[in-house]
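# Geometric and topological summary
Each chain is listed here by its residues.
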Amino acid sequence: MRLKGRVAVVTGGSSGIGRAIALAVAEEGADVAINFLNFQRNEASAQAVAQAIERKGGTAETFQADVSDPAQVLQMRDAILQRFERVDILVNNAGINRDKSFINMDYETWKAVLSVDLDGVFYCTKAFLEGMTARGYGRIINISSIVGQIGNFGQANYAAAKAGLLGLTKAVAREVAGKGITVNAVAPGFIETEMVTAIPEDVQERFRVQIPLQRFGKPEEVAKAVVFLASEDTSYITGHVLNVNGGMYM
Ligand code: NAI
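Below is a short write-up of the structure. Just so it is clear, the model here is predicted, and its values are computed rather than measured. (Residues numbered from 1 in each chain as written. Predicted model: local features only at pLDDT ≥ 70, side-chain atom pairs only at ≥ 80, totals over all residues. Heavy atoms only, no water.)

Helix and strand counts for the protein chain stand at 9 helices and 7 strands. In terms of C-alpha radius of gyration, the protein chain reaches 17 Å, essentially the compact-globule figure of 18 Å for 250 residues. Reported as C-alpha extents along the three principal axes, the dimensions of the protein chain are approximately 45 × 40 × 35 Å. Expressed as a percentage of its 250 residues, the buried residues of the protein chain come to 49%. In the protein chain, the proportion of contacts linking residues at least 24 apart, taken out of those at least 6 apart, comes to 73%. (Helix = DSSP H or I, 4+ residues; strand = E, 2+ residues; numbered from the N terminus. Rg over C-alpha atoms; globule rule 2.2 N^0.38 Å. Buried < 20%, exposed > 50% of the residue type's maximum accessible area, 1.4 Å probe, protein only. Contact = heavy atoms within 4.5 Å.)

As a further point, take the site of the ligand. Taken together, 28 residues form the shell around the ligand, and within it Ile17, Asn93, Tyr158, Ile191 and Thr193 come nearest. A distance of 3.0 Å is found between a nitrogen atom of the ligand and a backbone nitrogen or oxygen belonging to Val67. A distance of 2.9 Å is found between an oxygen atom of the ligand and a side-chain nitrogen or oxygen belonging to Lys162. Isolated, the ligand exposes 810 Å² of accessible area, and the fraction of that covered by the protein chains is 92%. Mapped onto the shell around the ligand, the elements with two or more residues apiece are α1 (16-27), α6 (156-176) and α7 (194-197). Of the residues assigned to the shell around the ligand, the class counts are 14 nonpolar, 12 polar and 2 charged. (Near = heavy atom within 4 Å. Polar contact = N/O pair within 3.5 Å; in protein donor to acceptor, adjacent residues only side chain to side chain. Areas by Shrake-Rupley, 256 points an atom, 1.4 Å probe, with all protein chains shown as cover. Nonpolar A, V, L, I, M, F, W, Y, C, P; charged D, E, K, R; others polar.)

Evaluated as defined, the whole model comprises 5 aromatic pairs. Considering the side-chain rings of Phe190 and Phe216, the 5.8 Å spacing of their centres and the 25° angle between planes classify their relative orientation as stacked. One end of the pair, Phe190, is in the loop between β6 (181-188) and α7; the other, Phe216, is in the loop between α8 (201-208) and α9 (219-230), and 26 residues separate them in sequence. Residue classification places Phe216 among the buried positions, given a relative accessible area of 3%. In this structure an aromatic cluster arises from ring pairing among Phe190, Phe207 and Phe216. Sitting above the plane of the Tyr137 ring, Arg6 keeps its charged end 3.8 Å from the centroid. In this arrangement the basic side chain of Arg208 is found over the ring face of Phe216, its NZ or CZ atom lying 4.5 Å from the centre. (Phe/Tyr/Trp six-rings, centres within 6.5 Å; stacked < 30°, edge-to-face > 60°. Lys NZ or Arg CZ within 6 Å of the ring centre and 35° of its normal.)

The next point concerns the pattern of salt bridges. For the structure on display, the rule yields 14 salt bridges. Note that Lys111 is salt-bridged to Asp119, the shortest N-O span being 3.7 Å. In this structure Lys111 comes out as partly exposed when scored by relative accessible area, which is 34%. Each of Arg6, Arg86, Asp88, Arg135 and Glu232 takes part in a single network of salt bridges with overlapping partners. (Salt bridge = Lys/Arg side-chain N within 4 Å of Asp/Glu carboxyl O.)

With that settled, consider the packing of helix α3 (residues 70-84) against helix α4 (residues 107-135). Axis separation between α3 and α4 bottoms out at 9 Å; the angle between their running directions is 35°. Both α3 and α4 take part in a crossing whose hand is right-handed. Touching Pro70, Val73, Leu74, Met76, Arg77 and Ile80 of α3 are Tyr123, Cys124, Ala127 and Phe128, all from α4. (Axes fitted to C-alpha atoms, helices over the stretch in contact; angles between N-to-C directions. Left-handed = near helix turned anticlockwise from the far one by under 90°.)

Taken together, 7 strands build an open sheet; the order of strands is β3-β2-β1-β4-β5-β6-β7 and the sheet is parallel. In the strand order of this sheet, the two ends are held by β3 (60-64) and β7 (241-244), each with one partner. Each neighbouring strand pair of the sheet contributes to a mean axis angle of 20°, computed without reference to strand direction. Of the strand pairs in this sheet, strand β2 (residues 31-36) and β3 are connected by 5 bridges, and their pairing is parallel. (Pairing = 2+ DSSP bridges.)

Now for the packing of α1 against helix α2 (residues 39-55). In contact at an axis separation of 10 Å, α1 and α2 are set at 20° when each is read in the N-to-C sense. Taken together, the axes of α1 and α2 lie roughly parallel to each other. Judged by the twist between their axes, the crossing of α1 over α2 is right-handed. Taking contact as the criterion, the partners of Arg19, Ala22, Leu23 and Ala26 in α1 are, on α2, Val49, Ala52 and Ile53. When grouped by side-chain class, the residues that make up the contact of α1 with α2 number 6 nonpolar, no polar and 1 charged. (Parallel < 35°, antiparallel > 145°, perpendicular 65-115°, else oblique.)

The structure is reproduced here in structure tokens:
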């Protein structure tokens, strides 16, 4: 129960890694605000995550917002504060990819990914940082990617956003270090979620052979790193990038 009494927000918490993070922080005692994007596509799965938490005696509620829309983020913030009164832990997990070789990449495809993966983190961090600063405590965890560290064919937009996130993490970490707030990033390698299972099998295999641990990771393995960074065990760790990649990049 390392997060007992804490309130956590997980963006994009209805599926994949976000779902695993929501379940894991709840398992450690945090109350969880689960953000989802779309009423038609994601609300039911977000509610299923909340119900799974409540069945185990935890507390969770779902909140819709497109993180790339600042007005929706502020509305979500107000709704979360009304329900939970404060936010101690923010996990910026929501993310998309729209892959195209750079030569074929149009500005719309570039912008779509930057809007969610980088601007979305800007809006959410802005929305919750003020309360953390006022209370003198906070844990912000940004989900970056190995692709932001080493690049990847067809992912110039995604790599730029995820590398940008590392710079953002370190800059904000310096700015808020005196306020009891830590800001860290987790950089997953290839993790078994829809984002990866959508890749053709032969391409998956090409990546798999590059991983010293010889397999893709599981969402729960990323979630454990997030719980660690969200806990008080990491009071002296800030601006750090924690790789969860099976050794693919070291
Ligand atoms: P996923 O597609 O299952 O999860 C992404 C979640 O973000 C979805 O629930 C989606 O609805 C939500 N989302 C997308 N746009 C949103 C928006 N505008 N506002 C609010 N929510 C939005 O994929 P996965 O794999 O769980 O990805 C989670 C995070 O982990 C992403 O940031 C991704 O870039 C990152 N990541 C994933 C890796 C993998 O191998 N699966 C590797 C490295 C990083």
